[in-house]
Amino acid sequence: MNVRTGRKVQHYRTVGFDEAKNAVVLIEQRLLPHEFQLIHTKNFRDTAAAIRDMVVRGAGAIGATAAYGLAQGARAFKGKDLAAFQKHVDEVFTVLKEARPTAVDPVNAMLDVRAQMAAGTTVEEQQLRALHAAHHFADDDVEHCHALGKHGAPLITEGMRVLTHCNAGWLAFVDIGSATAPMYEAQAQGKKFHVFCDETRPRCQGASLTAWELAQQGISHSVIADNAAGHLMQRGEIDLVIVGSDRTLGRTGEVANKIGTYTKAVLAKRHKIPFYVAIPLSTIDWDMRSGFDIPIEERHESEVLGAWGIAQSAKGEGRGTKKGQRTYVRIGNPDSHARNPGFDVTPPDLITGIITPAGIFKPKELWKRRKELGYAEA
Ligand code: MRU
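Computed from a predicted model, the values in this text were never measured in an experiment.

(A) Main features of the site of the ligand. Neighbouring residues of the ligand: 19 residues in total, closest R57, R100, Q205, N257 and K258. Within the side chain of R57, one N or O atom sits 2.8 Å away from an oxygen atom of the ligand. Within the side chain of K258, an N or O atom sits 2.8 Å from an oxygen atom of the ligand. For the ligand, whose accessible area on its own is 400 Å², the fraction buried by protein is 100%. When contributions to the shell around the ligand are tallied by element, the ones reaching two or more residues are α2 (59-75) and β11 (255-258). Here the residues of the shell around the ligand are counted per class, giving 7 nonpolar, 8 polar and 4 charged.

(B) Layout of the sheet that holds strand β17 (residues 353-356). Spatially, 7 strands are ordered β8-β7-β6-β9-β12-β17-β18 in an open sheet, and the strand pairing comes out mixed. Each edge of the open sheet carries a strand with a single partner, namely β8 (221-224) and β18 (359-361). Across the sheet, the mean angle from the axis of one strand to that of its neighbour is 25 degrees, orientation sign disregarded. Sheet analysis places strand β9 (residues 240-243) next to strand β12 (residues 275-278), joined by 3 bridges and oriented parallel. By the bridge assignment for β12, V243 is matched with V277. Here helix α7 (residues 205-217) sits on the sheet and contacts β6 (161-164), β7 (194-198) and β8; the angle it forms with β7, its principal contact strand, is near 160 degrees.

(C) Quick peek at the domain arrangement of the protein. What the domain assignment reports for the protein is domain 1 (2-146) and domain 2 (150-296 + 341-365). Distance from the C-alpha centre of domain 1 to the C-alpha centre of domain 2: 25 Å. On the side of domain 2, 36 residues touch domain 1, which itself brings 36 residues to the contact. Between domain 1 and domain 2 the total buried area reaches about 3000 Å² when both faces are included, carbon and sulfur atoms providing 56% of it. Inspection of the domain 1/domain 2 interface yields 0 salt bridges. Remark: the boundary between domain 1 and domain 2 carries 21 residue pairs in polar contact (both at pLDDT 80 or more). Counting residues per element, the ones that place at least two in the side of domain 1 that touches domain 2 are β1 (2-5), α2, α4 (105-117) and α5 (123-152). In terms of residue count, the dominant contributor to the side of domain 1 that touches domain 2 is α5 (7 residues). Its residues assigned to classes, the side of domain 1 that touches domain 2 shows 18 nonpolar, 10 polar and 8 charged.

(D) Summary view of the packing of aromatic side chains. Going through the model one piece at a time under the given rule, you end up with 9 aromatic pairs. What links up through ring pairs into an aromatic cluster is the set Y12, F36, W170 and W212. Looking at R370, its charged tip hangs above the ring of W367, at a distance of 4.1 Å from the centre.

Rules behind the numbers
Residues numbered from 1 in each chain as written. Predicted model: local features only at pLDDT ≥ 70, side-chain atom pairs only at ≥ 80, totals over all residues. Heavy atoms only, no water. Near = heavy atom within 4 Å. Polar contact = N/O pair within 3.5 Å; in protein donor to acceptor, adjacent residues only side chain to side chain. Areas by Shrake-Rupley, 256 points an atom, 1.4 Å probe, with all protein chains shown as cover. Helix = DSSP H or I, 4+ residues; strand = E, 2+ residues; numbered from the N terminus. Nonpolar A, V, L, I, M, F, W, Y, C, P; charged D, E, K, R; others polar. Pairing = 2+ DSSP bridges. Axes fitted to C-alpha atoms, helices over the stretch in contact; angles between N-to-C directions. Contact = heavy atoms within 4.5 Å. Domains from an automatic or database assignment. Buried area = accessible area lost by both parts, 1.4 Å probe. Salt bridge = Lys/Arg side-chain N within 4 Å of Asp/Glu carboxyl O. Phe/Tyr/Trp six-rings, centres within 6.5 Å; stacked < 30°, edge-to-face > 60°. Lys NZ or Arg CZ within 6 Å of the ring centre and 35° of its normal.

Listed below in structure tokens is the structure:
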């Protein structure tokens with residue numbers, strides 16, 4: 001995506017790799033929308049920490065980060081002993097996989113990289129193949145988002161009001177995004193429409209990241225509180241919902257996505273509003289047989305009990321912080337604790353269609369169409 005910083009407009013990918021430094025290059029998403037900064041991770045553990053601490057987030061983006069992290073870890077190995085190298089790569093894989101549990105993209109990405117490494121007969125060959133495969137995964141991610149944007153764009157017609165949840169945009173992928181891809185494509189086709197961005201508590205990816213992206217792209221939008229969607233739907237002010245997914249079960253059509261997605265799907269069904277999920281192929285889990293088996297990340301309670309932002313005034317809220325300084329404010333009662341599940345699972349009967357790079361399918365059709373959707377027979 002093109003990013004405007006001051007007077008400069010430059011194209012960036014969300015995730016990249018610096019070969020000379022053997023570093024994964026990431027946009028520090030925790031600082032957005034207030035500051036645009038790139039960071040270089042020093043080693044694979046640092047890369048895993050960037051995923052865990054949400055410097056980088058969004059299923060596709062953490063998939064590409066894990067692919068590059070695996071290549072980074074493989075390239076850091078010194079020596080020619082292939083058995084010791086494999087053991088080291090196993091450890092890199094595990095550390096990166098455990099950084100965040102719900103999204104399947106990191107696992108699919110790293111399995112891809114490992115499969116391509118396996119054809120190398122020496123450590124050096126495998127190291128070369130690892131980086132090549134990681135670049136390939138990142139390029140595929142961009143291509144998939146582009147293709148699903150083409151399939152999804154006809155769903156958006158002139159004057160429509162579209163609701164999206166969390167950030168399934170460019171920042172959640174290497175480029176373009178999934179839920180945003182049909183919007184960007186519809187905009188390129190000259191259509192005018194409006195997007196409602198759910199704020200998406202507790203981390204507010206909708207209010208901060210999606211709103212920032214859409215503003216950069218010049219798409220008309222408003223942020224709404226998470227609780228406002230039902231009201232707007234009831235009044236006929238939302239025509240279409242498009243969200244992303246962290247794991248879509250190919251066998252059942254269940255969709256794990258940011259907490260609150262399920263609520264929006266129930267509301268959309270009640271108001272007969274089409275509810276679509278946009279995914280690249282790396283988001284499909286072909287093995288799991290029930291949505292109840294999807295590991296749901298439980299994050300720290302401080303995210304629910306407070307919020308991060310920029311101090312607006314030296315006085316008032318955020319007292320003691322300078323204007324413009326990033327700060328955490330406590331919202332919850334000091335003696336209370338919180339639960340913080342990061343994701344929920346939407347059943348297939350609430351989903352109108354899954355927008356994929358191969359076309360739009362009913363959730364229950366995924367398994368039947370698995371060959372077109374990249375399923376490799378074991
Ligand atoms: O916790 P996050 O910010 O990583 O959650 C992101 C989402 O839930 C997105 O909607 C999801 O990753 C789908 S788009 C890649």
